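Here is how the chains run, residue by residue.
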Amino acid sequence: MKKKPNILFILSDDQGAWAMHCAGTPELYTPNLDRIARSGMRFDNFFCVSPVCSPARASLLTGRIPSAHGVLDWLRDGNVDGVKFAAQGRENPYGQGYRGEHVPIAYLEGQTAYTDILAEKGYHCSLFGKWHLGDSVTPQHGFRKWYTLGLGGCCYYHPDIVEDGDIHVEHGKYVTELLTDKALDYLGEMEGKDGPFYMGIHYTAPHTPWEEEHHPRKWIEYYDNCDFKSLPDVPDHPDLVTGPVYGTGRRKVNLRGYFAAVSAMDEQIGRLLDALEEKELKDDTVVIFTSDNGNCMGHHGIWGKGNGTFPLNMYDSAVKVPFLISYPGLVSQGKVCMDMVSGYDVFPSILELAGIANPLEETLPGKSFVGSLEGKECPEQEEVVIFDEYGPVRMIRSKNWKYIHRYPYGKHELYHLAEDPGEEKNLFGMPEYEEKVVEMRRKLETWFLKYADPRMDGVREGVTGCGQLCRAGIYATRAERYAQE
């Protein structure tokens, strides 16, 4: 029987597919991400399930769409017990601490994550970094080691660390380096233990804040004289909600901090890759790097992700994410895969890589992309279509077309990507494209009718991009509702 591989799953936060040197951004210094791409495969058309953190992360773990697992927006409440940890919240000199937190909510309670299945099959599962799926203090879903953050984001030099059922603020240690230190320590502890490991390292980079005091001076100075020519410098989008940027000088501040955060993370990823080689684990370990959602850094005049505008947006720069994977013996070196793949395909793919049967194969929307890793072509008889959602906003995207429907009133969008890859010309409402709209909307609604749970369907919830306060639909308990009143 073939030995089960170790799995190193590295997840960044708010990193667009464009935000790597190997993806065509020459100013961005990412030698270690490029290193993974050279030793394995880079996917050029990998899409998140929702262009905001918590729903996308929940879908990666469960294989279900947001309207089936009920995490529909970033989690604004339910992360920690706000009363119990009030003092720790005040220790953080930035932000509002835990004043907005009430009762902890395990949003994925009752759901099956692929880590649950890995743990049942003998994997040692560990998590270092951002959880942001509710009840951050309690280990769950098969993770034995639980070193996380109290909230979703944090101040880079003052992270609120969850460890052994408590929270403490680490003052002065850059969180990207701190998470790597802890992961490497645990990797050392795993030596000699029976069974493979799954290690999730969930960095907060390159999420805001981007001001220079939040990132290592080394990397801020590296980009001090950069003009960021490969990034758009266009007027602010009319629906921008993050405040004016164009012509204010904030463009340089934002891009310098964002690039510094990516390069600082890349440096730490290098330490992880070096450790695998030093411990002679490289040949036995699947290394995956991806992000929860994309991010516009001036693209379309937007600074943020799906909720960088209102109405919420589904531009490719918000829904496409980097995806790199290496596994010697299976994945060819230096290949770029153009297949269209989604975050809901991660669940079945990881189980197949681990040699574990998928018990939910008949009920989940995703399909394994291991065939793509082996160089097999997608069947030509069926068009590959990607679906996304963010509350009342839904997207269907094929290779050449994208349709965005906003319930209940619009505005809707249609783009012919073959002729307009930058999504500049909205064709919705033009008579000559009416049949295409009808065709794509029919496919969109048929698919969501199949996979959405009507009890927590995002089009029926008040999702605005400002955060989720309790469970969706009927799963919101009386205690949770009461805590918000």
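The structure reproduced in this document is the subject of the present report.

Analysis parameters
Residues numbered from 1 in each chain as written. Predicted model: local features only at pLDDT ≥ 70, side-chain atom pairs only at ≥ 80, totals over all residues. Heavy atoms only, no water. Phe/Tyr/Trp six-rings, centres within 6.5 Å; stacked < 30°, edge-to-face > 60°. Helix = DSSP H or I, 4+ residues; strand = E, 2+ residues; numbered from the N terminus. Buried < 20%, exposed > 50% of the residue type's maximum accessible area, 1.4 Å probe, protein only. Pairing = 2+ DSSP bridges. Axes fitted to C-alpha atoms, helices over the stretch in contact; angles between N-to-C directions. Salt bridge = Lys/Arg side-chain N within 4 Å of Asp/Glu carboxyl O. Expected span 1.5 Å × (residues − 1). Contact = heavy atoms within 4.5 Å. Core = buried A, V, L, I, M, F, W, Y, C linked by side-chain atoms within 4.5 Å.

### Topic: the packing of aromatic side chains
Thought 1: Throughout the structure, instances matching the rule amount to 34 aromatic pairs.
Thought 2: Between Trp 219 and Tyr 222, the ring centres sit 5.6 Å apart and the planes meet at 65 degrees, which makes this aromatic pair edge-to-face. One end of the pair is Trp 219 and the other is Tyr 222, both in helix H7 (residues 217-222) and three residues apart, which spans about a single turn.
Thought 3: Taking relative accessible area as the criterion, Trp 219 reaches 5% and is therefore assigned buried.
Thought 4: Judged by relative accessible area, Tyr 222 falls into the partly exposed class, the value being 44%.
Thought 5: Plain terms: the ring middles of Phe 387 and Trp 447 are 4.2 Å apart, the flat faces sit at 10 degrees to each other, and that makes the pair stacked. Residue Phe 387 is located in strand E13 (residues 386-390), and its partner Trp 447 is located in helix H12 (residues 434-451); the two are separated by 60 residues in the primary sequence. The residues Phe 387 and Trp 447 share a single accessibility class, namely buried.

### Some words on the pairing of strand E11 (residues 323-326)
Thought 1: Neither face of E11 is left uncovered, since the one carrying Phe 323 and Ile 325 and the one carrying Leu 324 and Ser 326 both have all their residues buried.
Thought 2: Judged from the three bridges that link them, strand E2 (residues 41-47) and E11 form a sheet pairing that is antiparallel. In the strand pairing of E11, Met 41 is matched with Ile 325.
Thought 3: Note that strand E8 (residues 285-291) and E11 share four bridges and pair antiparallel. The partner of Thr 290 across the bridge, within E11, is Phe 323.

### Concerning the sheet that holds strand E7 (residues 197-202)
Thought 1: Strand order in the open sheet formed by ten strands is E6-E5-E4-E3-E7-E1-E8-E11-E2-E12, with mixed pairing between adjacent strands. Only two strands of the sheet have a single neighbouring strand rather than two, namely strand E6 (166-169) and strand E12 (335-342). Across the sheet, the axes of successive neighbouring strands diverge by a mean angle of 15 degrees, strand direction being ignored.
Thought 2: Alignment of strand E1 (residues 6-12) against E8, held across seven bridges, turns out to be parallel.

### Considerations on the pattern of salt bridges
Side-chain pairs of opposite charge can arise whenever the charged atoms involved come near each other.
Thought 1: Here the structure, examined in full by the defined rule, presents 31 salt bridges.
Thought 2: A salt bridge links Glu 109 to Arg 471; its shortest N-O distance comes to 3.3 Å. Of this pair, Glu 109 sits in the loop between helix H4 (86-91) and helix H5 (114-120) while Arg 471 sits in the loop between H12 and helix H13 (478-484), and the two are 362 residues apart along the sequence.
Thought 3: A relative accessible area of 57% means that Glu 109 is categorised as exposed.
Thought 4: Its relative accessible area of 15% is what places Arg 471 among the buried residues.
Thought 5: Members of the salt-bridge network, linked through shared partners, are Asp 13, Arg 57, Lys 130 and Asp 292.

### Focus on helix H6 (residues 175-190)
Residues lying three or four places apart along an α-helix face the same way, a consequence of the helix completing one turn every 3.6 residues.
Thought 1: Taking 1.5 Å of rise per residue, 16 residues should cover 22 Å, and H6 covers 23 Å from first to last C-alpha, within 8% of that figure.
Thought 2: Restricting attention to buried positions, one finds in H6 the residues Val 175, Thr 176, Leu 178, Leu 179, Thr 180, Asp 181, Ala 183, Leu 184, Tyr 186, Leu 187 and Met 190.
Thought 3: Check the buried side of H6 and you find it contacts strand E3 (124-129), strand E4 (143-149), strand E5 (160-163), E7 and helix H8 (250-278).
Thought 4: One or two residues past the end of H6 sits Gly 192, with phi positive at roughly 90 degrees.

### Quick look at the nonpolar core
Thought 1: Within the largest apolar cluster, 133 residues are counted, with the highest numbers of intra-cluster contacts made by Phe 43, Tyr 114 and Leu 118.
Thought 2: In contact with Leu 118, other than residues within four places in its own chain, are Ile 7, Tyr 123, Cys 125, Tyr 198, Ile 350, Leu 351, Ala 354 and Ile 356.
Thought 3: Ile 65, Ile 396, Tyr 403 and Phe 448 belong to the second-largest nonpolar core, a separate cluster that totals 18 residues.

Interpretation in functional terms is not warranted from these geometric data alone.
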